[in-house]
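# Observations on the three-dimensional arrangement
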Amino acid sequence: MKNRRIIPLLVYLVVLIAVFSWANQLFSKNVSSVPYSTVVQLVKAGHVKAFVVEGTTIHMELNTPINGKTTLSAVLADPEAFLQELKPSLDEQLASGVLESYHVIPPKAFSPYELIGPLLIVGLILLLAWVMVVGRANNSNPLNNFGRARTVLGVPDGKKVTFADVAGADEEKQELQEVVDFLRNPEKFTAIGARIPHGMLLVGPPGTGKTMLARAVAGEADVRFLSISGSDFVEMYVGVGASRVRDLFDQAKKVAPAIIFIDEIDAVGRKRGSGLGGGHDEKEQTLNQLLVEMDGFSRTEGVIVLAATNRPDILDPALLRPGRFDRQIHVGRPDVKGREEILKVHAKDKKLDASVDLKTVARSTAGFTGADLSNLLNEAAILAARDSRPVLNMEDLNEALMKITAGPAKKSRVQTRKDLRETAIHEAGHAVAMYFLPTHDPVRHITIIPRGQSLGATWYLPADDSANLTRNQMYEQIVSLLGGRVAEALFLGDISVGASNDIDRATKLARDMVARYGMCEKLGTVSYLGGGEVFIGRDYQTTKSYSEKVAGTIDDEVKTLIDGAYAHCKQILEDHSDKLNRVVEFLLDKESMSGEQFRALMEGRTVEEASATSLFDGFGEDKRDT
Ligand code: ADP
Ligand code: MG
Ligand code: ZN
């Protein structure tokens, strides 16, 4: 990545050298490598009929062919000395007629063509050096744009974004309204000496609308929007990032009032002096320049810097100091009301069937970001379009949701009846365990149609990572995660790798319970995993802040917890093996089962009357809103 720009230059250089040496070969006479002593011998022995010395090359015509050749050429180190040495012999041979003639042509006049190649190479090297040295020192140079900020002036696609386009996010908008007011009317604030923050940091998971909000602030205030991504700063030449920062701020001051938006600021604002890896100095220089620029402009200049990140914890503390990004705005995942509003915004340009109830969709998509919801509607529209239907219906949304959460269905995949049966038992194990766990979210959909990486799936209310989970809920999640494996062990007599993802997740949950959330008695209410994170290579490594002894106890406790959950799960599935079997039979028959059908079966009602619509059956409320 770093060498991407230098590669074309190198290729150019190699081609040039090749062309040059080829031309050189073409122009130079083909000189054989007869040694000097041989030449002297040949002449002395009278084998040479005539010769010409041209510069340092001797061309000889022979009396008798040598190796089938009648002419020979050789290079003479010192032609003068050669002629001097042979003068007596030559005169003699000329007189006797053995040697017909010889000529000495003075060294060829200097040909300018010979210099073209070397000159080109030298010139090229100079150019390269110039680009590298001058390019980083002086960005006003018209021949390079390395140091220029790759900014987007105004609104990129020409469409003005306003707060009205950002659905939900009412609190975020309220906080940003202050910035809008300032940009619209800075005098009002400066007149009474009010301090407006220089920089604001939008913090939140990807896809929650941070970029959109920043653009909306510019749109609302009707000011220029200069946007750059943190990764744009990370360039091959040392110093380019820093000069880009300078350039960005210069541009902003020229067009003020304006908003500078630095997306993904963590790419450049990572804590200095931490972690390993290249490009380190470059990033530090860029970050230092950013700090200098943020301190350097006064509040009256009408430039406000917004930045976005999903990792505020890894930012250099200097960035967060007063006068810099001293205000953080948390842009969270939308709640059920927010989701409904976002869905409405994105459904505007789509034709929806009367069956589509966005409220229900919103309820079934806990944890989804704005980008996820936009994607969901888009996938559904694609499904409708594929069937040449002008309006999209609830089934499309249902299928789109499954596709997004578990990958596209792979109906063409060949599966034997035995494969299907194994999958059905595995999934039924999850579902039945969930049903008999009091705090567990209800089952919404079970399928043995392979999707993405998995052979089957059991859906429940999508896990919401911001929800406050209790110890019991976490424990019961572990139990239900083990359901697949336990069912395999109980009813197949063998276990498969199909449960590896379940086991990973169960183990992680157990580890978190024990070592992060202080939920085990032996270790007490101490967090061992909450420590700092250090960037090593491409991963964040959690620094360990506990002894080997504690590490051993953590492992023991995790195992005890999982073993207990396994036994619990086994008990449930053994007690209800008849029900589990009925679920398996249903799945083998119909491939999928809705939450309604599942509950009807569990409660001994007739399955036929239950709705087969899954996921959006309206069952289950978003916990955070009730
Ligand atoms: P982020 O910068 O936080 O990763 P973006 O601002 O790039 O997120 O949002 C990505 C897309 O998600 C937007 O283009 C928009 O379509 C959609 N989106 C996100 N949040 C919202 C919202 N609150 N209202 C409407 N659309 C949203
Ligand atoms: Mg973004
Ligand atoms: Zn499973």
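Residues numbered from 1 in each chain as written. Chains lettered and ligands numbered in written order. Predicted model: local features only at pLDDT ≥ 70, side-chain atom pairs only at ≥ 80, totals over all residues. Heavy atoms only, no water.

### Concerning the overall build of the chain
A tally of helices and strands in the chain yields 21 helices and 14 strands. Here the contacts in the chain between residues at least 6 apart in sequence split such that 73% fall between residues at least 24 apart. Carbon and sulfur atoms provide 54% of the accessible area of the chain, an area that totals close to 32,100 Å². (Helix = DSSP H or I, 4+ residues; strand = E, 2+ residues; numbered from the N terminus. Contact = heavy atoms within 4.5 Å. Areas by Shrake-Rupley, 256 points an atom, 1.4 Å probe, with all protein chains shown as cover.)

### Let's talk about the coordination of the zinc ion (ligand 3)
At 2.0 to 2.1 Å from the zinc ion (ligand 3) lie its protein donor atoms, namely H426 (NE2), H430 (NE2) and D502 (OD). Along the chain, the residues donating to the zinc ion (ligand 3) fall in the pattern H-x3-H-x71-D. Here H426 is found in helix α16 (residues 417–435), whereas its partner D502 is found in helix α18 (residues 500–516), with 76 residues between them in sequence. Each member of the pair H426 and D502 is classed as buried. (Donors = N, O, S within 2.8 Å, 3.2 Å for Na, K, Ca; no water. Buried < 20%, exposed > 50% of the residue type's maximum accessible area, 1.4 Å probe, protein only.)

### Things to note about the confidence of the model for the chain
Of all residues in the chain, 82% attain a pLDDT of 70 or more, and the chain-wide mean is 80. In the model, residues 137–144 has pLDDT below 50 throughout and makes nine contacts with residues more than four positions away in sequence or in other chains. With pLDDT under 50 throughout, residues 618–626 is counted as low confidence; its partners more than four residues away or in other chains account for 23 contacts. (pLDDT = per-residue confidence, 0-100.)

### With respect to the nonpolar core
If you look at soluble globular proteins, the nonpolar side chains tend to sit buried side by side. Membership of the largest hydrophobic core comes to 54 residues, with the highest contact counts inside it found for I446, I478, I554, L573, V583, M593 and F598. Of all the secondary-structure elements, those providing two or more residues to this core are α16, β10 (443–447), α17 (471–491), α18, α19 (548–575), α20 (577–590) and α21 (595–602). If you tally residues by element for this core, the top one is α19, at 10 residues. Excluding its chain neighbours within four sequence positions, the residues that come into contact with I478 are A506, L509, A510, M513, L561 and A565. (Core = buried A, V, L, I, M, F, W, Y, C linked by side-chain atoms within 4.5 Å.)

### Describing helix α5 (residues 170–184)
Given a rise of 1.5 Å per residue, 15 residues ought to cover 21 Å, and the 20 Å separating the end C-alpha atoms of α5 matches this to within 8%. Of all the bends found along α5, the most pronounced is centred on L176 and spans about 30°. For α5, the complete set of buried residues consists of E172, K173, L176, V179, V180, F182 and L183. Next to the buried residues of α5 lie α6 (186–191), β5 (199–203), α7 (210–221), β7 (258–263), β8 (303–309) and β9 (325–330). (Expected span 1.5 Å × (residues − 1). Bend = angle between axes of the 7 residues up to and from the residue.)

### Let's talk about the packing of α19 against α20
As a packed pair, α19 and α20 sit with axes 5 Å apart at the nearest point and diverge in direction by 75°. In terms of orientation, α19 and α20 fall into the roughly perpendicular class. Here L573, E574 and D575 of α19 lie close against α20, whose contacting residues are S577, D578 and L580. For the contact of α19 with α20, the class distribution of residues is two nonpolar, one polar and three charged. (Axes fitted to C-alpha atoms, helices over the stretch in contact; angles between N-to-C directions. Parallel < 35°, antiparallel > 145°, perpendicular 65-115°, else oblique. Nonpolar A, V, L, I, M, F, W, Y, C, P; charged D, E, K, R; others polar.)

### Considering the sheet that holds strand β14 (residues 592–594)
Spatial strand order, β11-β10-β14: three strands in an open sheet with antiparallel pairing. At either end of the open sheet lies a strand with only one pairing partner, and these are β11 (457–460) and β14. Geometrically, the sheet is characterised by an average inter-axis angle of 10° between neighbouring strands, direction not taken into account. The pairing of β10 with β11 spans four bridges and is antiparallel. Each residue of the ladder has a partner; that of H445, found in β11, is W459. (Pairing = 2+ DSSP bridges.)

### What about the site of ligand 1?
In the neighbourhood of ligand 1, 15 residues make up the surrounding shell, with A167, G207, K210, T211 and H346 lying closest. Within the backbone of G207, a nitrogen or oxygen atom sits 2.7 Å from an oxygen atom of ligand 1. Between ligand 1 and M212 there is a distance of 2.9 Å, counted from an oxygen atom to a backbone nitrogen or oxygen. For ligand 1, whose unbound accessible area comes to 560 Å², protein coverage reaches 78%. Among the secondary structure elements, those contributing two or more residues to the shell around ligand 1 are α7, α12 (336–347) and α14 (370–386). Residue composition of the shell around ligand 1, by class: seven nonpolar, six polar and two charged. (Near = heavy atom within 4 Å. Polar contact = N/O pair within 3.5 Å; in protein donor to acceptor, adjacent residues only side chain to side chain.)

### A few points about the pattern of salt bridges
Where charged atoms from two side chains of opposite charge approach closely, those side chains can pair. Here the structure, examined in full by the defined rule, presents 25 salt bridges. K87 serves as the salt-bridge partner of D91, at 3.9 Å between the closest nitrogen and oxygen. Within this pair, D91 and its partner K87 are both found in helix α3 (residues 79–96), separated by four residues, close to a single helical turn. Given the relative accessible area of 37%, D91 is considered partly exposed. The shortest N-O distance in the salt bridge between R324 and D295 comes to 2.7 Å. In this pair, R324 is assigned in the loop between β8 and β9 and D295 in helix α11 (residues 280–296), connecting sequence segments 29 residues apart. Its relative accessible area of 12% is what places R324 among the buried residues. A relative accessible area of 42% places D295 in the partly exposed class. (Salt bridge = Lys/Arg side-chain N within 4 Å of Asp/Glu carboxyl O.)

### Considering the environment of G302
Checked against the element boundaries, G302 lands in the loop between α11 and β8. We classify G302 as buried; its relative accessible area is 5%. Each C-alpha atom of the pair G302 and I196 lies 10.0 Å from the other, and the pair is 106 residues apart in sequence. Those residues in contact with G302, other than ones at most four positions away along the chain, are F182, L183, A256, P257 and A258.

### Description of the packing of aromatic side chains
Counted under the stated rule, the structure contains six aromatic pairs. Centroid distance Y36 to F82: 6.0 Å. Interplanar angle 70°. Geometry classified as edge-to-face. Within this pair, whereas Y36 is found in helix α2 (residues 36–44), its partner F82 is found in helix α3, the two being separated by 46 residues in sequence. For Y36, a relative accessible area of 33% gives the class partly exposed. On the basis of relative accessible area, F82 is assigned to the buried category, the value being 0%. A network of ring pairs unites the aromatic residues Y36, F51, F82 and Y102 as a single cluster. Here the guanidinium or amino end of K590 rests over the ring plane of F586, the centre of that ring lying 5.3 Å away. (Phe/Tyr/Trp six-rings, centres within 6.5 Å; stacked < 30°, edge-to-face > 60°. Lys NZ or Arg CZ within 6 Å of the ring centre and 35° of its normal.)

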